[in-house]
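Survey of secondary and tertiary structure
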Amino acid sequence: MVAFVSADAQPAVVALQADHSYLNASDPTTVTVSVRNPNPLTDLTQLTLEPQLPAGVTAELLTPAPGVVSAGATVTASYRLTTDPQANLPAKATVTVRATAVPAGSNQSVRSSGSIELLGGGPGAGTHYLSDLPFLSSTGGLGPWERDMNNGEGAAGDGGPLVLAGVTYAKGLGTNSVAKAEFYLAGQCNRFTAVVGIDDSMNKPGADGDVEFVVAADGTEKYRSGTVRAGEQPRQLDLDVTGVNVLRLDVGKVDADNWWDRADWADAKVSCS
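So, here's what we can say about the structure.

Criteria and thresholds
- Residues numbered from 1 in each chain as written.
- Predicted model: local features only at pLDDT ≥ 70, side-chain atom pairs only at ≥ 80, totals over all residues.
- Heavy atoms only, no water.
- Buried < 20%, exposed > 50% of the residue type's maximum accessible area, 1.4 Å probe, protein only.
- Helix = DSSP H or I, 4+ residues; strand = E, 2+ residues; numbered from the N terminus.
- Pairing = 2+ DSSP bridges.
- 1 Å grid on protein atoms, 1.4 Å probe; cavity = no way out; pocket = protein on both sides within 12 Å on 5 of 7 lines; lining within 4 Å.
- Points joined across faces, edges and corners; volume = space filled by probe spheres on them.
- Nonpolar A, V, L, I, M, F, W, Y, C, P; charged D, E, K, R; others polar.
- Disulfide = S-S within 2.5 Å.
- Salt bridge = Lys/Arg side-chain N within 4 Å of Asp/Glu carboxyl O.

Turning our eyes to something else, we now look at the pairing of strand β15 (residues 189-198). Counting buried positions along β15 yields 7 of 10 residues, so the element is predominantly enclosed. Sheet topology note: the β15/strand β20 (residues 262-272) ladder contains 8 bridges and is antiparallel. If you follow G197 over to β20, its bridge partner there is D264.

Summed over the entire model, instances satisfying the criterion amount to 1 cavity of 30 Å³ or more. Space inside the largest cavity adds up to approximately 30 Å³. V31, V33, P51, L53, Y79, L81, V95 and V97 are the residues that line the largest cavity. At the level of elements, β2 (29-36), β5 (74-83) and β6 (92-103) are the ones that each hand at least two residues to the lining of the largest cavity.

With that settled, consider the layout of surface pockets. Roughly 210 Å³ of volume is contained in the largest pocket. Across the lining of the largest pocket, the residue classes tally to 7 nonpolar, 7 polar and 1 charged.

The next point concerns the state of the cysteines. On inspection of all chains with the given rule, the structure shows 1 disulfide. In this model C189 forms its disulfide with C272; the gap between the sulfur atoms is 2.0 Å. Of note, the bridge from C189 to C272 carries an S-S torsion of about 75 degrees and is right-handed in sense. Residue C189 is located in strand β15, and its partner C272 is located in strand β20; the two are separated by 83 residues in the primary sequence. Look at C272 and you get buried, because its relative accessible area is 10%.

What follows deals with the pattern of salt bridges. Considering all chains together, one arrives at 10 salt bridges under this definition. The partner of E232 in a salt bridge is R235, with the nearest N and O atoms 3.5 Å apart. One connected set of salt bridges, linked through shared partners, spans D132, D148 and K171.

Bringing unusual backbone geometry into the picture now. Leave glycine aside and you will find that most residues have negative phi; peptide bonds, for their part, are mostly trans. Of note, the bond from S177 into V178 is cis; its omega dihedral lies within 30 degrees of zero at -5 degrees. Here V178 lies in the loop between β13 (172-176) and β14 (179-184). At A186, a position not held by glycine, the phi torsion is positive, near 60 degrees. A186 sits in the buried class, given a relative accessible area of 18%. Within the chain, D218 stands out as a residue other than glycine whose phi angle is a positive 50 degrees. If you trace the backbone, D218 turns up in the loop between β16 (210-217) and β17 (220-229). Of the residues examined, D218 reaches a relative accessible area of 40% and is grouped as partly exposed.

Just distances and angles here, no functional claims.
See below:
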């Protein structure tokens, strides 16, 4: 944050929050800007906000901020960000809002800025393994989702190879119910394929793993496996995801005990153009 201040003035503290984590032509993003006056004694007056956006993105003011931020107070404004369909956004795009204000009793302005990083361009043309793409969001039932290994226990990177019905897969995702992961495709992909099942590491006495695999595209369910139990043959997925922005993978538990629910999304990938 860059500020130009007088000896007794403090610039505002600017923070940005978005309603979702990406910029997309078919799904505008709403950004809320919080402007906090850290000075407990002096008001900030003549407040103006200036969005600084990636090329191809425009901002429409939805809710203006008041012109005065009282001492110690916070005000907000909101913008709708619209992306041109022809915009060539980077994989990660930065949105910045600069605040300018004049402390009460001063003739010198103070400036500050806040930024947020949003996903811009999607995977691009070609075939992409989900384990090579960033998570838009993810939660796991026993530690984080693992890339190119099964879910061991609670620590990141503590898994073994992905193995389903005796076949070892070099690529894929491992997790444990209850789990959710989202990926941003930016409408660029047309097929999602995977082999899903409970990892062979759970084929042992006393283990009773059982899960349900669910795939959703922009909030619409595309696939539901029903109950998948340890030792069963894995399920083959081949789904149309044409035009989809957000691909979501869910693993649900079938009974109260989820300790044995090591779920693999082996060879999970999207084909994009």
